[in-house]
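Residues per chain are reported as follows:
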Amino acid sequence: MAIICDYEEQDSKPSSSAASKPFKASLDPANPLGFLEAALEFLGRESDLFKSDSLINDVNAVVRMVKDKLQAEKKVKVETSNTKAEEKKVKEKVPVVAAAAAKEEAKEAIGKEVKEEDDKKGPRAPNKGNGLDLENYSWVQSLQEVTVNIPVPHGTKSRFIVCDISRNRVKVGLKGQPPIIDGELYRPVKVDDCFWSLEDQKSISVLLTKKDQMEWWKCCVKGEPEVDTQKAEPESSKLSDLDPETRSTVEKMMFDQRQKSMGLPTSDETQKQDILKKFMAEHPEMDFSKAKIS
């Protein structure tokens, strides 16, 4: 919008001097001060209006007030624009963050489901000690014994530990708290050869001596996840410590486990087949087409 003023001051009497220049100015909404300055300049030139100092000061004050108001409005507009821009960024970011959080939760849920499904599927692969690493404790084994490691808060004193070992059960925990392990052992143990110790005030070590020292345990406590004993491997250095008879039995067990894992006959089955072949060779007159090895 533009306002055009055309003002021409005329004397009541004709004058021989040149007529005053008319006031012509356009009000540009984008620059109102320009119009005001032009108007004031015209009034100062064509009248005695500004010969009073106080009036000039008042006009200057009005001009300053108008300038301050315009600057304040401009500042508000800029701040409003910036606020809207920030709000837009936040709105755009929120769905992204929410989607990432949802994705992470879904990942954790899937991982938990996979773990539970693995537990249902069957035995797990053993850790380096032929045992398993569980949520609250881990255990390893040899053919003679099982060693259980239970983490506890650093600085724990031995007087705070509760450990009860019987032939078929074990209970371990801290006084005044629910037991960490409490259940029936996979196989009986020799109670007099079992003991526990506190390691560096941060873990409980429980040694369980097996009663049957020719068998791998599938789990430490019944009801816990089981280990795939066919993948258990005793350390070679330990075999040399065994007496010849025990060592021969252990090596036979290891051989049979490998054969079973590959779907091949065990040493006993191979021996039976050899005996049958020898007998067949000695008695060719007999029909062995329907003979079965049991």
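Residues numbered from 1 in each chain as written. Predicted model: local features only at pLDDT ≥ 70, side-chain atom pairs only at ≥ 80, totals over all residues. Heavy atoms only, no water.

- The protein appears in an unreviewed UniProt entry as CS domain-containing protein from Anisodus tanguticus.
- Its UniProt record, at the heading Subcellular location (unreviewed entry), says of the protein: "Cytoplasmic granule".
- Turning to the protein, the UniProt annotation filed under Function (unreviewed entry) states: "Small heat shock protein required for the establishment of auxin gradients and for patterning of the apical domain of the embryo. Involved in the specification of the cotyledon primordia. Also required for normal inflorescence and floral meristem function, normal developmental patterning and thermotolerance. Acts as a molecular chaperone." (UniProt positions renumbered as here; feature names shortened; annotations may be inferred.)

**Let's talk about the overall build of the protein**
And then number 1: Along the protein, the regular secondary structure elements total five helices and ten strands.
And then number 2: Within the structure as shown, the protein displays about 21,400 Å² of accessible surface, and the carbon and sulfur contribution to it stands at 53%. (Helix = DSSP H or I, 4+ residues; strand = E, 2+ residues; numbered from the N terminus. Areas by Shrake-Rupley, 256 points an atom, 1.4 Å probe, with all protein chains shown as cover.)

**Details of the sheet that holds strand β10 (residues 203-209)**
And then number 1: Pairing in this open sheet of five strands is antiparallel, and the strands run β3-β4-β5-β10-β9 from one edge to the other. The sheet terminates laterally at β3 (132-133) and β9 (195-199), the two strands that pair on one side only.
And then number 2: Alignment of β9 against β10, held across five bridges, turns out to be antiparallel. Bridging across to β10, L198 finds its partner in I204. (Pairing = 2+ DSSP bridges.)

**Regarding the nonpolar core**
And then number 1: By size, the foremost hydrophobic cluster in this structure holds 26 residues, and its most contacted members are Y137, W139, V148, L208, W217 and C220.
And then number 2: When residues of this core are traced back to their parent elements, those giving at least two are β5 (145-151), β6 (161-165), β7 (169-174) and β10.
And then number 3: What V148 contacts, discounting residues up to four positions off in sequence, is Y137, S138, W139, I181, I204, S205, V206, L208 and C220.
And then number 4: Core analysis: the next-biggest nonpolar cluster, separate from the first, contains five residues, W216, A232, V250 and M254 among them. (Core = buried A, V, L, I, M, F, W, Y, C linked by side-chain atoms within 4.5 Å. Buried < 20%, exposed > 50% of the residue type's maximum accessible area, 1.4 Å probe, protein only. Contact = heavy atoms within 4.5 Å.)

**So, the sheet that holds β6**
And then number 1: Read from one edge of the open sheet, three strands run β6-β7-β8, paired in antiparallel fashion. Both outer strands of the open sheet, β6 and β8 (181-184), are each paired with one neighbouring strand and no more. The mean angle between the axes of side-by-side strands here comes to 5 degrees, regardless of whether they run parallel or antiparallel. (Axes fitted to C-alpha atoms, helices over the stretch in contact; angles between N-to-C directions.)

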